[in-house]
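A look at the structure
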Amino acid sequence: MAKLGMVFDLKACIGCNACVVACKQENSVPDGVFFTRTLSHEYGEYPGVKRVYIPTICNQCEDAPCEKVCPSGATYTRADGIVMVDDQKCIGCSSCAVACPYDMRTMLTKDALTTGLFGTGELTPFEQQGYGRYTAGTAVKCDFCSERVDAGLNPACVVTCPTNARIFGDLDDPNSAPSVLIRERNGRQPLPEKNTKPKVYYVD
Amino acid sequence: MIQTSTGLVGNSFKLGYRFQRYWDTSMAIAFFSAEVGTGLFLVSFYFDLLSGMILGLAITGTLKPYFHLAHMGVPGRSWRAILRPDRSWISRGAISIGLLIGFGVLHVVNRSFGLEATLGLPAALGQAIAYLAVAGALVVMCYQGMAMSDSEAFTLWASPLVPVASFCYALTAGALAALAVGWGVLSEGQRATLSTLALTMLLVDLAVVVAILLRAKGKSKGGAFSVDLLVRGEYAASFRNLVVILGLVLPAALLAVAGSLRLVELFALLAMLVGFFFFRMLMFKAAVFEPITHDLAGSFGLPSAR
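Report on the accompanying structure. (Residues numbered from 1 in each chain as written. Chains lettered and ligands numbered in written order. Predicted model: local features only at pLDDT ≥ 70, side-chain atom pairs only at ≥ 80, totals over all residues. Heavy atoms only, no water.)

Quick word on the overall build of chain A
The cut-off we apply is this: Only DSSP runs of H or I reaching four residues or more are called helices, and only runs of E reaching two or more are called strands; each is numbered from the N terminus. In this treatment the radius of gyration is a C-alpha quantity, and the globule benchmark scales as 2.2 Å times the residue count to the 0.38 power. Whether a residue is buried, partly exposed or exposed follows from its accessible area with a 1.4 Å probe, protein chains only, as a fraction of its type maximum: under 20%, in between, or over 50%, in that order. Residue contacts are counted whenever heavy atoms from the two residues lie within 4.5 Å of one another. Per-residue and other accessible areas were derived by the Shrake-Rupley procedure at a 1.4 Å probe size, with only the shown protein chains allowed to occlude residues.
Assigned secondary structure in chain A consists of eight helices and nine strands. Relative to the 2.2 N^0.38 estimate, which gives 17 Å for 204 residues, the radius of gyration of chain A is 17 Å and therefore close to what a compact globule would have. Each principal axis of the C-alpha atoms in chain A carries an extent, and together these give about 45 × 45 × 30 Å. Expressed as a percentage of the 204 residues in chain A, the buried residues total 61%. Of all intrachain contacts in chain A linking residues separated by at least 6 positions in sequence, the fraction that spans at least 24 positions is 61%. Roughly 8,400 Å² of accessible area belongs to chain A as shown, and the carbon and sulfur atoms make up 50% of that amount.

What to know about the overall build of chain B
Tallying secondary structure elements over chain B gives ten helices and two strands in all. Starting at the N terminus and walking to the C terminus, you meet the elements of chain B as β-α-α-α-α-α-α-α-α-α-α-β. Taking 2.2 N^0.38 as the reference for a compact globule, 306 residues should give roughly 19 Å; the C-alpha atoms of chain B span a radius of gyration of 21 Å, in line with that estimate. Dimensions along the principal axes, computed over C-alpha positions, put chain B at roughly 75 × 50 × 25 Å. In chain B, which comprises 306 residues, the share counted as buried stands at 51%. If you take every contact in chain B between residues at least 6 apart in sequence, the share linking residues at least 24 apart comes to 72%. Counting every atom, chain B has about 12,200 Å² of accessible surface; 70% of that belongs to carbon and sulfur.

Description of the layout of surface pockets
To keep it simple, the criterion reads: Using only the protein atoms, space was sampled on a 1 Å grid; points where a 1.4 Å probe fits but cannot get out form cavities, open sets with protein on both sides within 12 Å along at least five of seven lines form pockets, and lining residues are those with an atom within 4 Å of a point. Grid points are joined across faces, edges and corners, and a volume is the space filled by probe spheres set on the points. Think of it as three bins: nonpolar holds Ala, Val, Leu, Ile, Met, Phe, Trp, Tyr, Cys and Pro, charged holds Asp, Glu, Lys and Arg, and polar takes everything else, Gly as well.
Within this model, the largest pocket holds a volume of roughly 530 Å³. Around the largest pocket, the lining is made up of 35 residues, and of these R105, T106 and M107 of chain A together with R21 and Y22 of chain B lie nearest the centre. Broken down by secondary-structure element, the contributors of at least two residues to the lining of the largest pocket are β2 (36-43) and β6 (106-107) of chain A together with α2 (50-71) of chain B. For the lining of the largest pocket, the per-class residue count stands at 14 nonpolar, twelve polar and nine charged. Contributing to the lining of the second largest pocket are 21 residues, with M84, V85, R133, Y134 and D143 of chain A lying nearest its centre. Across the lining of the second largest pocket, the residue classes break down as nine nonpolar, four polar and eight charged.

Things to note about the sheet that holds strand β1 (residues 4-9) of chain A
Within a sheet, adjacent strands bond to each other through the backbone by hydrogen bonds, running parallel or antiparallel. Residues and elements named next belong to chain A. Put simply, the test is: When DSSP finds two or more bridges between a pair of strands, those strands are recorded as paired. All axes are obtained by fitting lines to C-alpha atoms, using only the stretch in contact for helices, and the reported angles, taken between N-to-C directions, cover 0 to 180 degrees.
Reading across the sheet, the three strands line up as β8-β1-β9 and stay open at both edges, with mixed pairing between neighbours. Because the sheet does not close on itself, it has two edges, and the strands there are β8 (166-170) and β9 (200-203). Strand-to-strand, the axes of this sheet are offset by a mean angle of 25 degrees, without reference to chain direction. Two strands pair when backbone bridges link them, and β1 and β9 are joined in this way by four bridges, in the parallel orientation. Pairing of F8 across the sheet is with Y202, part of β9.

Remarks on the environment of R51 of chain A
Residues and elements named next belong to chain A. Rules: Think of a polar contact as two N or O atoms within 3.5 Å of one another; within protein, one of them needs to be a possible hydrogen donor and the other a possible acceptor, and neighboring residues in sequence only count if both atoms come from side chains.
In this structure, R51 sits in strand β3 (residues 50-57). The residues contacting R51, other than those within four sequence positions of it, are S40, H41 and E42. In terms of polar contacts, R51 uses its side chain to reach the side chain of E42, at 2.5 Å. There is a polar contact of 3.4 Å between the side chain of R51 and the side chain of Y53.

Some words on α2 of chain B
All names here are of chain B. Short version of the rule: In this scheme, a helix's expected span is set at 1.5 Å multiplied by one less than its residue total. Think of the arc as the fan of directions from the helix axis to the C-beta atoms.
Helix length check: α2 (22 residues) gives 31 Å between terminal C-alpha atoms against 32 Å at 1.5 Å per residue, within 8%. Within the sequence span of α2, burial applies to G52, M53, G56, L57, I59, T60, K64, H68 and H71. The arc enclosing the buried residues of α2, seen along the axis, measures out at 160 degrees, which places them on a common side. In α2, the exposed residues that point more than 90 degrees away from the buried face are Y66 and A70. Summarising the contacts, the buried residues of α2 are in contact with α1 (25-46), α3 (89-113), α5 (123-149) and α6 (161-181).

Overview of the pattern of salt bridges
Stated precisely, the cut-off is as follows: Should a side-chain nitrogen of Lys or Arg be within 4 Å of a carboxyl oxygen of Asp or Glu, the pair is scored as a salt bridge.
Counted under the stated rule, the structure contains 15 salt bridges over all chains. For the salt bridge of D63 of chain A with K68 of chain A, the shortest nitrogen-to-oxygen distance reads 3.9 Å.

Remarks on α1 of chain B
An α-helix turns once every 3.6 residues. As a result, residues three or four positions apart point the same way. Residue and element names in this part refer to chain B. Its 22 residues give α1 an end-to-end C-alpha distance of 31 Å, which sits within 8% of 32 Å, the value for a rise of 1.5 Å per residue. Among the 22 residues of α1, 18 are classified as buried, and the element is accordingly described as predominantly covered. Following α1 by one or two positions, D48 adopts a phi angle in the positive range, close to 55 degrees.

Digging into the interface of chain A and chain B
Applied cut-off: When two parts are put together, the accessible area they lose, computed with a 1.4 Å probe and summed over both, is reported as buried area.
Across the contact, 56 residues belong to chain A and 53 residues belong to chain B. Around 4,400 Å² of area is buried between chain A and chain B when both sides are counted, 56% of it from carbon and sulfur atoms. Applying the counting rule to chain A against chain B returns two salt bridges. Across the contact surface, chain A and chain B share 22 residue pairs in polar contact (both at pLDDT 80 or more). The element contributing the most residues to the side of chain A that touches chain B is β2 of chain A, with seven residues.

A few points about unusual backbone geometry
Residue and element names in this part refer to chain A. The omega angle of the peptide bond from Y46 to P47 is 5 degrees, so this bond is cis rather than trans. Considering the arrangement of structural elements, one finds P47 in the loop between β2 and β3. Its identity is not glycine, yet S28 carries a phi of approximately 50 degrees, on the positive side. Note that S28 resides in the loop between α1 (18-27) and β2. Residue class for S28 comes out buried when judged on its relative accessible area of 2%. With phi around 40 degrees, L191 is a residue other than glycine that occupies positive phi space. Following the sequence through the fold, L191 ends up in the loop between α8 (177-184) and β9.

Some points on the packing of aromatic side chains
Which entries qualify depends on this criterion: Paired rings are identified among Phe, Tyr and Trp, the last through its six-membered ring, by centres lying within 6.5 Å, and are further divided according to the angle between planes into stacked (under 30 degrees), edge-to-face (over 60) and tilted (the rest). A positively charged side chain is recorded as over a ring if its NZ (Lys) or CZ (Arg) lies within 6 Å of the ring centre. The angle to the ring normal must also be within 35 degrees.
Across all of its chains, the model carries 21 aromatic pairs over all chains by this definition. Considering the side-chain rings of Y66 of chain B and F67 of chain B, the 5.1 Å spacing of their centres and the 90 degrees angle between planes classify their relative orientation as edge-to-face. Ring-pair connections join several aromatic residues into one group, and the members of that group are Y22, W23, F31, F154, W157, F284 and F289 of chain B. In this structure, K24 of chain A packs its charged tip against the face of F34 of chain A, placed 4.4 Å from the ring centre. Above the face of the W89 of chain B ring, R92 of chain B is positioned so that its terminal group lies 4.6 Å from the ring centre.

Digging into a nonpolar patch on the surface
Quick reminder of the rule: The patch calculation keeps residues exceeding 30% relative accessible area without a salt bridge and links them within 9 Å when they carry like charges or within 5 Å when they are nonpolar (Val, Leu, Ile, Met, Phe, Trp, Tyr).
Together, W79, I82, L83 and I95 of chain B line one region of the surface with nonpolar side chains, adding up to about 380 Å² of accessible area. Along the chain, the position of I82 of chain B falls in the loop between α2 and α3.

A short note on the nonpolar core
Rule in force here: For our purposes a nonpolar core is just a set of buried Ala, Val, Leu, Ile, Met, Phe, Trp, Tyr and Cys residues, chained together by side-chain atoms within 4.5 Å.
M6 and F144 of chain A together with W23, L156, W157 and F279 of chain B are the most contacted members of the largest nonpolar core, which totals 130 residues. Setting aside chain neighbours within four positions, we find F279 of chain B in contact with A165, Y169, V209, I212 and V243 of chain B.

So this is what it looks like as structure tokens:
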């Protein structure tokens, strides 16, 4: 079975946030909730100041702390390595959210599903068709667009990225694009000291 | 090298520290009430103080579930919390609370009405019930700290001293509350023992709190950031005045100087409880997620984790 993962090419990312929008669109992510972000960081001294963009996403950890602490069995890992949340089992205790070192989980409040993108209490047709997949009070996170993956497609953020800064594939396959990148450009995982074995790597 | 984006960044798209915001006041009250109630039950059990056991069970059995359910996103499914005792401290804790309340109530009923004699049950059964209640109490006193220390996300929490603090604070609250509840019931000798226990535990609490901060400060930059928030930053006044002085130093001084006066004991209990509650609150508030890219340091000038 595959071990799906992603590589972020920091040299390629231009911080356009198209991935963030694509994710919102694909998953009908409610207002104020983000399954992926492109963080920015400025460093250096004038006139040599630089800005770098760092995409973040659920790292689908092999040793997922969110799964270990889940008291209801709602969080589980698929055979292909994607960490999922079963919203019909989730009790909304937030244990997973405080266990994730990457702050990549969100507790979905009832307000998030009823306020609407314009804050008027009226849901747009887009929200009406999309919010059915969510249950208020439960934990939500990125699942690598598992429905797309099941259909043989890449996650929406990967498809949308105009600079190919997001590379998705099977990390168990030494010839896959992410495996080659990790090998050739010294891919590094976020916060490796947390021992979560993320399946997301960064190259620069 | 100027680092312009390494402070708190809230929910923004900046790289930096982010506050823990998932466990809030209702969870702090749930943790606090479970530890105070269970501590009171355990100390009262040791001194065979019936009113203390009843009050302890009442606090743990009402406030803890109420505020925990208030925090939960889907309280109607809360029963599912017991499903994974093999891996989750929340599950273990939920089962232990059931054990404590169930067998604790049975023990109290047995103690009050002498069920063994009335129903002709063997004495060993009464003992087994009592020991199961105590076993449940011991786990409840620690499990919330275990649930916190299990989280590698926050350096401030990820310490074996956090469950120790839970246990010690619970025992301290139990000793002081038993002194208040047992007025006129406990013997002078028992009161002196409880007073000494409370005073000793207050000093132990202080040592454990200091040790938690020292360990967090030395472990990572995120830990040091949290400690700074508590010692010099946003929460310094509350931490110093409420947790340390009001919650630990003042009650210890009162017990050491005039511990046998009831008013002093009551004031010491009240001060300790206020300090304990703020300790719970501030441990939640000062926990921060670290910037996720420590390991990428060097390549483009980000601060390293250690």
